[in-house]
Amino acid sequence: MPSGPWLTRFLKGMTFLVYFYLLAPVLVVIALAFNPRDLGDFPFTEVSLKWFYMLANDQAILASVRISFTLGLVSAAITTTLGTAAAYALARYRVPGKDFVQLVLLIPMLVPHLILGVGLLLAWRLMGLPKTFALLVVGHVAVTMPLVIIMTRHRLQSISRSYEEAARTLGANGLQTFAAITLPLAAPAIVVAFLFAFMSSFDELTATLFWRPANVETVPTQIMAMLQFQIDHRINALATVLICFTVGVPVLATLAAKGLTTTLPKLRAKRLAARLAADSKSADGEVGSLGKGRGVV
Amino acid sequence: MAGAAIEIKGVEKKFGEVAAVAGLDLTVGEGDFVALLGPSGCGKTTTLRMIAGLEHPTAGDILVKGRRVNDVPVHKRNFGMVFQNLALFPHKTVFDNIAFGLKYRNVAKADVVRRVKTALDVVRLPRMEERLPAQLSGGQQQRVAVARAIVIEPDLLLFDEPLSALDAGLREEMRFELKRIQRNLGITTVFVTHDQAEALSMADKVVVMQNGKMEQEGTPDEVYSRPTSEFVARFFGQVNELTGKVVGRRDGIVDVVLGDGATVQVAHEGPVGDTLRLLLRSERVRVGKPGTAEPGASIVKGVVTSSDYLGLMVRYVVNAAGIELAVMQPKLGPLLATGEQVDLSIQPSAWMLLG
Ligand SMILES: Nc1ncnc2c1ncn2[C@@H]1O[C@H](COP(=O)(O)OP(=O)(O)OP(=O)(O)O)[C@@H](O)[C@H]1O
Ligand SMILES: [Mg+2]
């Protein structure tokens, strides 16, 4: 092709521009977080941690971080437990109306969060329940459920049934088989699903606005509130912290998943090797008597 | 029968409209090695899974040592099973794989280590405890799967085509190994396969199945030499089908005229004038240059019409007085050429008769 090198160069340039377009706002936010001036002038003349310092001393923001963490952890724990159970049922059993059940479970992903927010709030009111933290948890469980089901179901389906059947023939009952075989094999996906559930709960804004009780702010609603009347530079600092967090968690998740699948068995193998070595040493003395007395197996 | 390890009585399994097993009766004696043999889809796996308890019969009973086990759950049956894909737990070491069944049997820790080691000795795979299944060769994985099944001292060993994933050389070696292990331990074994050589070489009793039913059962020699149906006859290799008329008889042998006039001797009792349906395995005929016929055999003259060189064996098609006969034999000396005049020699006992 005559235009080969030019085409390649052009494509490379375009790729760079696209990345720049995507990442520039993030970079600007991070840069501004270190600029102590009130008007975000550029290039800046000083560098400081002033906004971070103010952030760390703002009780309202700290409270919202606490709320978001609690909410995220509680709802992710519930979603992961229920979602994995549902995914197992969908992957393994022939339940009547399976397709319908699956559709219902995935609906929160298809419906706009605005409608979810209003809908659940109305339902809650109809049942005469007070608007408490529980509503937020229930809502976030619903929002994060589809994600968890999709991720864990995919993994569960890829685990060959014959592993479970082999465990059963060897004497493990249904629960023991699930604990010893299915759960460890699905663990990487479950861990990742938990983290994704946590992250998407942490990120959820629209529906949360309808569900939060009075005076309870999550990080996103807190940021909304701060931005309502003025530009607040602490937000740049908060955003920087959140960006580090959102990049850090998936990286950690990947490492954790890797560790679960490769490192753990290796560690166990090492421990076993040590045990066997010790065992054969102690057995050496009585080889004669052992060799004679034992059955074939 | 008191000594029966398993009795299968009128067992049927339907998946929706499809009957995978359609009324099967089978008795397996204590310590026997029984092969379930049949073409793909004939219900072998389903039968084995019903014995294991992984599938529930829609009709009929399964008895183990005289006790009905239809409602005994899988994990309480104490049967060792080796799956077609082996199903070694990928996240567990060889040791933990083999020790798995002992965990649920309240075996003391020291005994677990000893029994796992002994099982690994039995399958001749010592010092592999720390490996993960992915770090083993196909043959080694096979041995671990067997060790895992025998370490629990099962009342019954079940194999579902465990050798089909191995290459030819290893398959033969493992055939021998499995037979050795089974004989040493004396565990009653049911072995599913669609490979006739596997069934004939390993089993004490071969059960040939078709369409979810038993077609014939017997020792390897019985099903091979005295098939009761054309299906069974054809299952063990290429078979020539002929008709002939009995023209003479003397103590256990009849003279039979085939199609266009060649006369052969057949081991058979029957009146003169009968028309017989005869089957003849291609490997039970010898073909050679005129004058090389075996003693005691009937000789039929013919012309070679084609030859296939298969390495160890050669397959000839010979036209004998208008009848095409397939002959399979080891290559002895030079290949016979197409168009060459030959003598076919057939022993009277080589013929199979269908009732
Ligand atoms: N879970 C199932 N659902 C529906 N049909 C099934 C199921 N399992 C088996 N069958 C059907 O039952 C019949 C017998 O199957 P089975 O697996 O027992 O055959 P097989 O003799 O083991 O064959 P192969 O040699 O191919 O393994 C087949 O027609 C198969 O399609
Ligand atoms: Mg099968």
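Values in this document were obtained by computation on a predicted structure and should not be read as measured data.

(A) Structural detail: the overall build of chain B. A count of helices and strands for chain B gives 8 helices and 20 strands. When each of the 355 residues of chain B is scored for burial, the buried share is 53%. Expressed as a percentage of contacts within chain B between residues at least 6 apart in sequence, the contacts between residues at least 24 apart total 65%. For chain B, the accessible surface area stands at approximately 15,100 Å², while carbon and sulfur atoms represent 50% of it. Both charge centroids of chain B, one from 42 positive and one from 42 negative side chains, sit 6 Å from each other.

(B) Main features of the domain arrangement of chain A. All names here are of chain A. For chain A, the assigned domains read domain 1 (13–48) and domain 2 (58–285). When each unit is reduced to the centre of its C-alpha atoms, the spacing between domain 1 and domain 2 is 33 Å. Contacts between the two partners involve 9 residues from domain 1 and, on the opposite side, 6 residues from domain 2. Buried surface at the junction of domain 1 and domain 2, both sides included, amounts to about 560 Å², of which 70% is carbon and sulfur.

(C) Broad picture of the site of ligand 1. All names here are of chain B. If you check the shell around ligand 1, you find F15, A20, P39, S40, G41, C42, G43, K44, T45, T46 and E161 and nothing else. Between ligand 1 and S40 there is a distance of 2.4 Å, counted from an oxygen atom to a side-chain nitrogen or oxygen. Measuring from an oxygen atom of ligand 1, one finds a backbone N or O atom of G41 at 2.7 Å. Isolated, ligand 1 exposes 640 Å² of accessible area, and the fraction of that covered by the protein chains is 62%. Of the residues that constitute the shell around ligand 1, the class distribution is 4 nonpolar, 5 polar and 2 charged.

(D) Local environment of the confidence of the model for chain B. Per-chain confidence: chain B averages 90 in pLDDT, with 99% of residues scoring 70 or above. Here the prediction assigns the complex a pTM of 0.80, and the interface score ipTM is 0.85.

(E) Main features of helix α7 (residues 161–169) of chain A. In terms of burial, α7 of chain A is a largely internal element, 7 of the 9 residues being buried. Within α7 of chain A, the full set of buried residues consists of S162, Y163, E164, E165, A166, A167 and T169 of chain A. Buried positions along α7 of chain A lie against α3 (59–92) and α8 (174–203) of chain A together with α1 (44–52), β6 (79–82), α2 (94–103) and α4 (138–150) of chain B. Looking one or two residues beyond α7 of chain A, the residue adopting positive phi is G171 of chain A, at roughly 115 degrees.

(F) Fine view of α1 of chain B. Of all 9 residues in α1 of chain B, 8 are buried; the element is thus mostly enclosed. Among the residues of α1 of chain B, those classed as buried are K44, T46, T47, L48, R49, M50, I51 and A52 of chain B.

(G) View of the packing of α7 of chain A against α8 of chain A. Residue and element names in this part refer to chain A. Closest axis-to-axis distance for the α7/α8 pair is 9 Å, and the angle between their directions is 145 degrees. Crossing of α7 over α8 shows right-handed handedness. Contacts from Y163, E164, A167 and R168 in α7 reach G174, T177, I181, T182 and L185 in α8. Residue composition of the contact of α7 with α8, grouped by class: 4 nonpolar, 3 polar and 2 charged.

(H) Quick peek at the packing of aromatic side chains. Tallied over the full model, the rule gives 17 aromatic pairs over all chains. Aromatic side chains F69 of chain A and F245 of chain A sit 5.5 Å apart centroid to centroid with 55 degrees between the ring planes, which places their arrangement in the tilted category. One end of the pair, F69 of chain A, is in helix α3; the other, F245 of chain A, is in helix α11 (residues 234–284), and 176 residues separate them in sequence. Looking at F245 of chain A, the relative accessible area reads 21%, which means it is partly exposed. Relative to F236 of chain B, the ring of F235 of chain B lies with its centre 6.0 Å away and its plane at 85 degrees, an arrangement referred to as edge-to-face. Per residue, the accessibility class of F235 of chain B equals that of F236 of chain B, and both read buried. Through a chain of ring-to-ring contacts, three or more aromatic side chains come together here, namely F69, F198, F202 and F245 of chain A. We note R148 of chain B situated over the ring of F89 of chain B; from NZ or CZ to the ring centre the distance is 4.5 Å. Lying across the ring of Y224 of chain B, R281 of chain B places its NZ or CZ 4.3 Å from the centre.

(I) A look at the packing of α2 of chain B against α4 of chain B. Residue and element names in this part refer to chain B. Where α2 contacts α4, the two axes come as close as 7 Å, and the packing angle between them is 30 degrees. Judged by the angle between their axes, α2 and α4 are roughly parallel. Between α2 and α4 lies a crossing whose hand is right-handed. Within the contact between the two elements, α2 uses V94, N97 and I98 and α4 uses V144, A147 and R148. When its residues are assigned to classes, the contact of α2 with α4 shows 4 nonpolar, 1 polar and 1 charged.

(J) A look at the interface of chain A and chain B. Residue-level contacts link 31 residues of chain A with 37 residues of chain B. Between chain A and chain B the total buried area reaches about 3,200 Å² when both faces are included, carbon and sulfur atoms providing 68% of it. The interface formed by chain A and chain B contains 1 salt bridge. A salt bridge links R49 of chain B to E165 of chain A; the nearest nitrogen and oxygen atoms lie 2.8 Å apart. Applying the counting criterion to the chain A and chain B interface returns 5 residue pairs in polar contact (both at pLDDT 80 or more). When contributions to the side of chain A that touches chain B are tallied by element, the ones reaching two or more residues are α7, α8 and α11 of chain A. Considering only residue class, the side of chain A that touches chain B consists of 17 nonpolar, 8 polar and 6 charged.

(K) Here's a closer look at the pattern of salt bridges. Residues and elements named next belong to chain B. Across all of its chains, the model carries 26 salt bridges over all chains by this definition. Put simply, R277 and E230 hold a salt bridge, and the shortest N to O gap is 2.6 Å. Note that R277 is positioned in strand β14 (residues 275–281) and E230 in helix α8 (residues 230–235), a separation of 47 residues in sequence. Exposure remark for R277: the relative accessible area of 36% places this residue in the partly exposed category. Relative accessible area serves as the criterion here: at 25%, E230 is assigned to the partly exposed category. With its nearest N and O atoms 3.9 Å apart, the salt bridge here joins E269 to R249. Taken together, the residues span a long stretch of sequence, with E269 in the loop between β13 (263–267) and β14 and R249 in strand β11 (residues 239–250) at a distance of 20 residues.

(L) Examining the side chain of E198 of chain B more closely. Residues and elements named next belong to chain B. By secondary structure assignment, the location of E198 is in helix α6 (residues 196–202). It is R171 that comes nearest to the buried, bridge-free E198 among opposite-charge side chains, at 4.5 Å. The residues contacting E198, other than those within four sequence positions of it, are L163, R171, R175, F191 and T193.

(M) Summary view of the sheet that holds strand β19 (residues 341–346) of chain B. Residue and element names in this part refer to chain B. A sheet is described by the order of its strands in space; here 5 strands give the open sequence β15-β19-β16-β17-β18, paired in antiparallel fashion. The sheet terminates laterally at β15 (285–288) and β18 (323–330), the two strands that pair on one side only. For this sheet, the mean inter-axis angle between neighbouring strands, taken without regard to orientation, is 40 degrees.

What counts, and at which threshold
- Residues numbered from 1 in each chain as written.
- Chains lettered and ligands numbered in written order.
- Predicted model: local features only at pLDDT ≥ 70, side-chain atom pairs only at ≥ 80, totals over all residues.
- Heavy atoms only, no water.
- Helix = DSSP H or I, 4+ residues; strand = E, 2+ residues; numbered from the N terminus.
- Buried < 20%, exposed > 50% of the residue type's maximum accessible area, 1.4 Å probe, protein only.
- Contact = heavy atoms within 4.5 Å.
- Areas by Shrake-Rupley, 256 points an atom, 1.4 Å probe, with all protein chains shown as cover.
- Lys, Arg positive; Asp, Glu negative; His and termini not counted.
- Charge placed at Lys NZ, Arg CZ, Asp CG, Glu CD.
- Domains from an automatic or database assignment.
- Buried area = accessible area lost by both parts, 1.4 Å probe.
- Near = heavy atom within 4 Å.
- Polar contact = N/O pair within 3.5 Å; in protein donor to acceptor, adjacent residues only side chain to side chain.
- Nonpolar A, V, L, I, M, F, W, Y, C, P; charged D, E, K, R; others polar.
- pLDDT = per-residue confidence, 0-100.
- Axes fitted to C-alpha atoms, helices over the stretch in contact; angles between N-to-C directions.
- Left-handed = near helix turned anticlockwise from the far one by under 90°.
- Phe/Tyr/Trp six-rings, centres within 6.5 Å; stacked < 30°, edge-to-face > 60°.
- Lys NZ or Arg CZ within 6 Å of the ring centre and 35° of its normal.
- Parallel < 35°, antiparallel > 145°, perpendicular 65-115°, else oblique.
- Salt bridge = Lys/Arg side-chain N within 4 Å of Asp/Glu carboxyl O.
- Pairing = 2+ DSSP bridges.

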